[in-house]
Amino acid sequence: MTKKILVAYATNAGSTAEVAEAVGKTLSANSTEVDVKVLDNLGDISAYDGYIFAAPMIIGWHKGMREYLAANQNALADKPVAYLITLLNMLKAEEESFDGVPVFQDPTHVKVPADPAKLNPAEQHGSLQHLIGDMLKEVPAIKPVSVGLFGGTLDMSKLNLFGKLFIRFIIRHPEGDFRNWDAINEWAGSLPAMME
Ligand SMILES: Cc1cc2nc3c(=O)[nH]c(=O)nc-3n(C[C@H](O)[C@H](O)[C@H](O)COP(=O)(O)O)c2cc1C
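Fair warning: this is a prediction, and the values are worked out from it, not measured in the lab.

Asks: What is the right way to read the overall build of the protein from this model?
Replies: On a plain count of helices and strands, the protein comes out with six helices and ten strands. Taken over the C-alpha trace, the protein has a radius of gyration of 16 Å; the compact-globule value for 196 residues is 16 Å, and the two agree within 12%. On the principal axes, the C-alpha backbone points of the protein span a range of 50 × 35 × 30 Å. For the protein, the residues scored as buried account for 36% of the 196 residues in total. Long-range pairs, those at least 24 residues apart, make up 80% of the contacts in the protein between residues at least 6 apart in sequence.

Asks: Would you mind showing me how to read the site of the ligand here?
Replies: Near the ligand lie 23 residues; those nearest to it are Asn12, Ser15, Thr16, Pro56 and Gly152. For the shell around the ligand, the elements supplying multiple residues, two or more each, are helix H1 (15-29), strand S3 (50-58), strand S5 (81-87), strand S9 (153-154) and helix H5 (161-171). Considering each element in turn, the shell around the ligand owes the most residues, four residues, to H5. Classifying every residue of the shell around the ligand by side-chain character gives twelve nonpolar, eleven polar and no charged.

Asks: Quick question: what am I supposed to make of helix H2 (residues 63-76) here?
Replies: Turn by turn, an α-helix covers 3.6 residues, leaving residues three or four places apart pointing in a common direction. In a regular helix each residue adds 1.5 Å, so 14 residues correspond to 20 Å; H2 covers 18 Å between its end C-alpha atoms and thus fits that length. Of all bends in H2, the biggest is about 40°, found at Ala70.

Asks: How should I be thinking about the environment of Asp182 in this particular structure?
Replies: On the secondary structure map, Asp182 appears in helix H6 (residues 181-194). In this structure Asp182 comes out as exposed when scored by C-beta crowding, with 10 C-beta atoms within 10 Å. For the pair Asp182 and Asp106, spaced 76 residues apart in sequence, the C-alpha to C-alpha distance is 9.3 Å.

Asks: Even after reading the chapter, I still don't get the pairing of strand S8 (residues 146-151), so can you show me in this structure?
Replies: Two faces make up the sheet, and in a regular strand the side chains alternate between them. Most of S8 sits out of view: six of its six residues are buried. Residue alternation in S8 divides its side chains into two sets, Ser146, Gly148 and Phe150 and Val147, Leu149 and Gly151, and both sets are buried. The pairing of S5 with S8 spans six bridges and is parallel. The residue bridging Thr86 from the neighbouring strand is Phe150, located in S8. Note: strand S7 (residues 101-105) against S8, three bridges, orientation parallel. Within the sheet, the bridge partner assigned to Phe104 lies in S8 and is Gly148.

Asks: Where do I start with the packing of H1 against H6 in this structure?
Replies: Relative orientation of the contacting elements H1 and H6 amounts to 50°, with a least axis distance of 9 Å. Overall, the two elements H1 and H6 adopt an arrangement that is oblique. Crossing of H1 against H6: the hand is right-handed. Touching Val19, Ala22, Val23, Thr26 and Leu27 of H1 are Trp181, Ile184, Asn185, Ala188, Gly189 and Pro192, all from H6. Residues of the contact of H1 with H6, tallied by class, amount to eight nonpolar, three polar and no charged.

Asks: Any chance you could explain the pairing of S3 here in plain terms?
Replies: By the criterion of burial, S3 is predominantly enclosed, with eight of the nine residues buried. Relative to S3, strand S1 (residues 4-9) runs parallel, the two sharing five bridges. Bridging from a neighbouring strand, Val7 pairs with Ile52 of S3. In terms of strand pairing, S3 meets S5 through six bridges, oriented parallel. Bridge pairing in S5 places Ile52 opposite Ala82. Bridge analysis of S3 against strand S4 (residues 60-61) gives two bridges, and the strand direction is antiparallel. Its bridge partner lying in S4, Ile58 is registered against Gly60. Two successive antiparallel strands, S3 and S4, enclose a turn made up of one residue, where Ile59 displays a positive phi of approximately 75°.

Parameters and conventions
Chains are numbered independently. Their residues run from 1 in the order of the written sequence. Only residues with pLDDT of at least 70 get local features here, since the model is predicted, and only at 80 or more are side-chain atom pairs given and counted; chain-wide, interface and lining totals rely on the full set of residues. Here a strand is any run of E in DSSP of at least two residues, a helix any run of H or I of at least four, and the numbering for each starts at the N terminus. It is over C-alpha atoms that the radius of gyration is taken, and the globule rule equals 2.2 Å times the number of residues to the power 0.38. Exposure is read from a count of other C-beta atoms within 10 Å of each residue's own; the residue is exposed at 12 or fewer, buried at 20 or more and partly exposed in between. C-beta atoms are placed from the backbone. By definition, residues are in contact whenever their C-beta atoms, placed on the basis of the backbone, come within 7 Å of each other. By convention here, the C-beta atom is placed from the backbone, and a residue is near a molecule or strand when that atom is within 6 Å of it. Residues are grouped as follows: Ala, Val, Leu, Ile, Met, Phe, Trp, Tyr, Cys and Pro are nonpolar; Asp, Glu, Lys and Arg are charged; every other residue, Gly included, is polar. One fewer than the residue count of a helix, multiplied by 1.5 Å, yields its expected span. For a residue, the bend is simply the angle between two axes, fitted respectively to the seven-residue segment ending there and the seven-residue segment starting there. DSSP-based pairing: two strands are paired if at least 2 bridges between them are found. Helix axes are fitted to C-alpha atoms over the stretch in contact, other axes to C-alpha atoms as well, and angles between N-to-C directions run from 0 to 180 degrees. Each angle gets one of four labels, with under 35 degrees taken as roughly parallel, over 145 as roughly antiparallel, 65 to 115 as roughly perpendicular, and the rest as oblique. By definition, turning the near helix anticlockwise from the far helix through less than a right angle yields a left-handed crossing, and turning it clockwise yields a right-handed one.

Note that every value here comes from positions in space, so none of it alone points to a role or purpose.
As structure tokens, then:
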């Protein structure tokens, strides 16, 4: 049976929309039927066989995405769901899972902390506990088949004053496009088998 998968995304500055489209293309190339839709415009999504929810870290995982999943978690509880997170700061985790949930980290965008016993604020924002622990707790009915974590983009000219200050003083990351399309496509290609 050809699966029908929904890729639903939220974005702050636009780059996660392109990541969601790339995931959709990889899945279509593997003969999966895919719709890629922005979160604000989803309507009834009950007809799909699997779901990928993609959004950036914006302090925590994108607030609109967390609220959507919290509100719809019971309807999604029995369906295969994957989460895709774009971000700037990510520490290399020792395990490929968190709380029993399989985790895929973009291998080119992980950092090893200078002193693991004393993380600075930027490093604290890159721990799996911060990146996915809180969000998994907020949406307990969904146990994702995988969480993919990928480098995003940073263009300070697209941010409001609060965003600029948060990046400058907490995230402390240089500008650029850190999306690793090979890693994104590798992860996307592995999803249909996990969603069987
Ligand atoms: C206000 C703000 C807060 C952010 N918080 C985090 C964060 O906590 N951790 C992180 O790694 N990246 C953080 N980022 C970086 C974004 O996740 C990154 O730029 C992402 O690629 C944005 O995706 P978008 O273009 O789809 O909005 C933040 C960016 C902004 C503007």
